[in-house]
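Each chain is listed here by its residues.
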Amino acid sequence: MLTDLIREFGLGLVLLNVFVEQAGVPVPAYPTLIVAGAILAQDAGTATALLAVAVVAALLADTLWYLAGRRYGIGVLRTLCRLSLSPDSCVSQTESIFARWGATSMIFAKFVPGFASVATAMAGAVGLRYWKFLLFDAIGALLWAGGAVALGWLFRDAINEVLETLAALGRYGLMLVGIALVAWVISKWLRRQLFVRQLRMDRVSVDELYAMLQQNLPTTILDVRSALTQSASGRIPGAVAVDMQRIAEGIAGVPVEHEVVVYCACPNEASAVKVAEKLRALGFKRVRPLHGGIEAWLAAGLQVEK
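Values in this document were obtained by computation on a predicted structure and should not be read as measured data.

1. Observations regarding the packing of helix α3 (residues 30-39) against helix α9 (residues 130-154)
Okay, so step 1: Packing of α3 against α9 leaves a shortest axis separation of 6 Å and a crossing angle of 50°. When the interaxial angle is binned, α3 and α9 end up oblique. Of the two elements, α3 crosses α9, and the hand of that crossing is right-handed. Together, Y30, L33, I34, G37 and A38 of α3 and W144, A145, G147, A148, V149, L151, G152 and W153 of α9 make up the contact between the two elements.
Okay, so step 2: Of the residues in the contact of α3 with α9, the class split is ten nonpolar, three polar and no charged.

What follows is the structure in structure tokens.
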């Protein structure tokens, strides 16, 4: 049982669980922190140690993704989203939040599903100073872990009753916990599969787009990434930046018969596919996402505009 593990391994289990979750593995740490708060946080000294361990574990995992962002740039976000069970739109969501709030977004990042790990990698990719990243990330980790420990301590009597009931059920109680965890993971996986199925549509390759530009064919290229990401990696020559929330305005004046190519920095071109679907609804006849997005263009060694 989780309670037995916490009583036996205590802070070590909390350290491992928080580190693994913040590293991007879909193993929720909040239930562990709440139960640990109910069992371990009986005095100020133990509660402080519990918080310190959780914050250190989060900072260690976040620092790894921050360094990966510094080393590999925006491309590391695609890897993170592939590891996650969250929908592939996590990149565009993170770009939007980070572009609006900057370093302060690290304070509430852990409270937004699918945002925490991607935000830390983005902080490194856009060159945020490490001391600044560490300061805001530590505040966010303290609030996140502190909230869980406080919930556990406040509702310790109710939590202990539930835990005692599960303990009385023996292996059946353990099975219930296991079934709940498996059901959660399966639900996330099914959501992802449904989303991936939605993405199956015609795409244009990097070589095909390059040939179209060389032949001066009537082509409109839309960049649906945030301004923050565009400044970090550059744009395909001639691309027009379009806000995903104001697509009709960004495409105003473009004939519906034009070839329109949309690209983003998302796994499976998720954001580009969504924009393409909206453009088709507006009457555009030929709209295709760029296969591989901006990363494929850069990998081919082709020129970008800064």
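2. Concerning the side chain of Q230
Okay, so step 1: The residue Q230 is located in helix α13 (residues 227-233) in this model.
Okay, so step 2: Look at Q230 and you get buried, because its relative accessible area is 9%.
Okay, so step 3: A distance of 2.8 Å separates the side chain of Q230 from the backbone oxygen of R225, its partner in a polar contact.

3. As for the sheet that holds strand β3 (residues 259-263)
Okay, so step 1: Read from one edge of the open sheet, four strands run β2-β1-β3-β4, paired in parallel fashion. The sheet is open, and its two borders are formed by β2 (240-241) and β4 (286-289), each paired with just one other strand.
Okay, so step 2: Direction of pairing for strand β1 (residues 219-223) relative to β2: parallel, over a ladder of two bridges. The partner of L222 across the bridge, within β2, is V240.
Okay, so step 3: Most of the contacts of helix α12 (residues 206-214) go to β1, to which it runs at about 130°, and overall it touches β1, β3 and β4.

4. Observations regarding the packing of aromatic side chains
Okay, so step 1: Tallied over the full model, the rule gives four aromatic pairs.
Okay, so step 2: Ring centres 4.5 Å apart and planes at 20° place the aromatic pair Y66 and F133 in the stacked group. Here the residue Y66 occupies a position in helix α4 (residues 44-72), and F133 occupies one in helix α9, the gap between them amounting to 67 residues. F133 carries the same exposure label as Y66, and that label is buried.
Okay, so step 3: Plain terms: the ring middles of Y130 and F133 are 5.9 Å apart, the flat faces sit at 35° to each other, and that makes the pair tilted. Taken together, the residues span about one helical turn, with Y130 and F133 both in helix α9 at a distance of three residues.
Okay, so step 4: Since its relative accessible area comes to 34%, Y130 is described here as partly exposed.
Okay, so step 5: Classification of F133 by relative accessible area gives buried; the value is 0%.

5. Topic: the side chain of D223
Okay, so step 1: Mapping D223 onto the fold places it in strand β1.
Okay, so step 2: A polar contact of 2.7 Å, which involves the side chain of D223, links it to the side chain of R225.
Okay, so step 3: Look past the residues within four positions of D223 in its chain and what remains in contact with it is Q230, R235, A239, V240, A241, V242 and Y263.

6. Some thoughts on a nonpolar patch on the surface
Okay, so step 1: Taken together, the side chains of F111, W131, L135, I139 and L143 present a nonpolar region at the surface, about 510 Å² in accessible area.
Okay, so step 2: Inspection of the secondary structure puts L135 in helix α9.
Okay, so step 3: A relative accessible area of 43% places L135 in the partly exposed class.

7. Details of the pattern of salt bridges
Between side chains of opposite charge, pairing is possible as soon as their charged atoms come close.
Okay, so step 1: Applying the stated rule across the entire model yields six salt bridges.
Okay, so step 2: Residue D62 pairs with K110 through a salt bridge whose shortest N-O separation is 2.6 Å. With D62 in helix α4 and K110 in the loop between α7 (105-108) and α8 (116-125), the pair connects residues that are 48 residues apart, well separated along the chain. One exposure class covers both D62 and K110, and it is buried.

8. Brief notes about the pairing of β3
Okay, so step 1: Of all five residues in β3, five are buried, a share of seventy percent or more.
Okay, so step 2: Here β3 shows two buried faces, one formed by E259, V261 and Y263 and the other by V260 and V262.
Okay, so step 3: One ladder, built from five bridges, connects β1 with β3; its direction is parallel. Counterpart to I221 in the pairing with β3 is V261.
Okay, so step 4: Examined bridge by bridge, β3 and β4 share four bridges and lie parallel to one another. Among the inter-strand pairings, E259 is bridged to a residue of β4, identified as R286.

Basis of the calculations
- Residues numbered from 1 in each chain as written.
- Predicted model: local features only at pLDDT ≥ 70, side-chain atom pairs only at ≥ 80, totals over all residues.
- Heavy atoms only, no water.
- Axes fitted to C-alpha atoms, helices over the stretch in contact; angles between N-to-C directions.
- Helix = DSSP H or I, 4+ residues; strand = E, 2+ residues; numbered from the N terminus.
- Parallel < 35°, antiparallel > 145°, perpendicular 65-115°, else oblique.
- Left-handed = near helix turned anticlockwise from the far one by under 90°.
- Contact = heavy atoms within 4.5 Å.
- Nonpolar A, V, L, I, M, F, W, Y, C, P; charged D, E, K, R; others polar.
- Buried < 20%, exposed > 50% of the residue type's maximum accessible area, 1.4 Å probe, protein only.
- Polar contact = N/O pair within 3.5 Å; in protein donor to acceptor, adjacent residues only side chain to side chain.
- Pairing = 2+ DSSP bridges.
- Phe/Tyr/Trp six-rings, centres within 6.5 Å; stacked < 30°, edge-to-face > 60°.
- Patch = residues over 30% accessible without salt bridge, like charges linked within 9 Å, V, L, I, M, F, W, Y side chains within 5 Å.
- Areas by Shrake-Rupley, 256 points an atom, 1.4 Å probe, with all protein chains shown as cover.
- Salt bridge = Lys/Arg side-chain N within 4 Å of Asp/Glu carboxyl O.

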